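A closer look at the structure
The chain contents come next:
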Amino acid sequence: MDGWRIVHVLGLIWLGAGLGSTYPLVLRAWVLNDLRSRATLLAEAADNEIRVLVPGAMVTGITGFFWAVSGDYNFLRDGWLAALAGLYVFFYLVCLPLFGVGLRRARDVSLAAAGQDEETEEMREILADRVPLVFGALLVLGVPVLAWLAVFKPF
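Residues numbered from 1 in each chain as written. Predicted model: local features only at pLDDT ≥ 70, side-chain atom pairs only at ≥ 80, totals over all residues. Heavy atoms only, no water.

**A closer look at the side chain of Glu 49**
- Tracing the chain through its elements places Glu 49 in helix H2 (residues 35-70).
- Among the polar contacts listed, one links the side chain of Glu 49 to the side chain of Arg 104, at a separation of 2.7 Å. (Helix = DSSP H or I, 4+ residues; strand = E, 2+ residues; numbered from the N terminus. Polar contact = N/O pair within 3.5 Å; in protein donor to acceptor, adjacent residues only side chain to side chain.)

In structure tokens:
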């Protein structure tokens, strides 16, 4: 069981690195008025999301599952584990894809607007939409909730 724990903690660090290298760039891009800087930040955030955040989320889920199985936890008997699994599915199979789609859409439109050196109507609509901000915030706020369930096993 200690082997899975170590691998799982490394996966959590990978996930944290992914969130830390993606979401702050999105926040910064949303408050800037410079089109080129905004496009650069969104492009880097989209790259980090695909290269670091998504693999970190997958590794965390896989290693957490195998750690639970090796520790003789039961998804039906241990309510905290069922809640943890349900929240993980929501955060990483609903919020993460919506965050990624919104981020890539914002990146593409901002790169096109930066190439024209003017903020387009489509760019204003996407910035008003705020999909990456909302779902990114849910992901960032979800990590402490998942950690609390795993550490304290409240029910």
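**Let's talk about the packing of helix H1 (residues 2-31) against helix H5 (residues 131-152)**
- For the pair H1 and H5, the least separation of the axes is 10 Å and the interaxial angle reads 145°. Between H1 and H5 the crossing geometry is left-handed. Counted together, Leu 15, Leu 19, Tyr 23, Val 26, Leu 27 and Trp 30 of H1 and Pro 132, Leu 133, Gly 136, Ala 137, Leu 139, Val 140 and Val 143 of H5 form the full contact between these two elements. (Axes fitted to C-alpha atoms, helices over the stretch in contact; angles between N-to-C directions. Left-handed = near helix turned anticlockwise from the far one by under 90°. Contact = heavy atoms within 4.5 Å.)

**Considering the environment of Val 109**
- For Val 109, the position within the fold is in helix H3 (residues 79-116).
- When the C-alpha positions of Val 109 and Leu 27 are compared, they lie 17 Å apart, and in sequence the two are 82 residues distant.
- With sequence-adjacent residues up to four places away left out, Val 109 is seen in contact with Thr 120, Glu 122, Met 123 and Ile 126.

**Details of the packing of aromatic side chains**
- Applying the stated criterion across every chain yields a total of 7 aromatic pairs.
- With centroids separated by 5.1 Å and ring planes inclined at 20°, the aromatic side chains of Trp 4 and Phe 66 adopt a geometry described as stacked. Within this pair, whereas Trp 4 is found in helix H1, its partner Phe 66 is found in helix H2, the two being separated by 62 residues in sequence.
- Aromatic pair Tyr 73 and Trp 80: ring centres 5.3 Å apart, planes at 85°, arrangement edge-to-face.
- A residue is classified by how much of its surface remains accessible, and Tyr 73, at 29% relative accessible area, is partly exposed.
- Members of the aromatic cluster, each reached through a chain of ring pairs, are Trp 4, Phe 65, Phe 66 and Phe 75.
- When the ring centre of Trp 80 is taken as origin, the NZ or CZ atom of Lys 153, which lies over that ring, is 5.0 Å away. (Phe/Tyr/Trp six-rings, centres within 6.5 Å; stacked < 30°, edge-to-face > 60°. Buried < 20%, exposed > 50% of the residue type's maximum accessible area, 1.4 Å probe, protein only. Lys NZ or Arg CZ within 6 Å of the ring centre and 35° of its normal.)

**Some words on a nonpolar patch on the surface**
- A surface patch of nonpolar side chains, amounting to about 700 Å² of accessible area, comprises Trp 4, Val 7, Met 58, Ile 62, Phe 65, Phe 66, Val 69 and Phe 75.
- Secondary structure elements with two or more residues in the nonpolar patch: H1 and H2.
- Broken down by element, the residue count for the nonpolar patch peaks at 5 residues, all from H2.
- Tracing the chain through its elements places Phe 75 in the loop between H2 and H3. (Patch = residues over 30% accessible without salt bridge, like charges linked within 9 Å, V, L, I, M, F, W, Y side chains within 5 Å. Areas by Shrake-Rupley, 256 points an atom, 1.4 Å probe, with all protein chains shown as cover. Salt bridge = Lys/Arg side-chain N within 4 Å of Asp/Glu carboxyl O.)

**A word on the pattern of salt bridges**
- Enumeration over the complete set of coordinates arrives at 9 salt bridges.
- For Arg 107, the salt bridge identified is with Asp 108, shortest N-O distance 3.1 Å.
- Residue Arg 107 is classed as buried on the basis of its relative accessible area, which comes to 19%.
- Notably, a salt bridge pairs Glu 119 with Arg 124, separated by 3.9 Å at the nearest N-O pair.
- Since its relative accessible area comes to 40%, Arg 124 is described here as partly exposed.
- Taken together, the shared-partner salt bridges connect Arg 38, Glu 119, Glu 121 and Arg 124 into one network.

**Overview of H3**
- Here H3 contains 38 residues, and its C-alpha end-to-end distance of 54 Å stays within 8% of the 56 Å for a straight helix at 1.5 Å per residue.
- Once H3 ends, the next one or two residues include Asp 117, with phi positive near 60°. (Expected span 1.5 Å × (residues − 1).)

**Describing the packing of H1 against H3**
- Interhelical geometry of H1 versus H3 gives an angle of 40° and a closest axis separation of 12 Å. In terms of orientation, H1 and H3 fall into the oblique class. As H1 packs across H3, the resulting crossing turns out to be left-handed. Counting all contacts with H1, which are made through Leu 15, Thr 22, Tyr 23, Val 26 and Trp 30, the residues of H3 involved are Tyr 92, Phe 99, Leu 103 and Ala 106.
- Here the residues of the contact of H1 with H3 are counted per class, giving 8 nonpolar, 1 polar and no charged. (Parallel < 35°, antiparallel > 145°, perpendicular 65-115°, else oblique. Nonpolar A, V, L, I, M, F, W, Y, C, P; charged D, E, K, R; others polar.)

In short, the description is geometric, and any link to function would need to be established separately.
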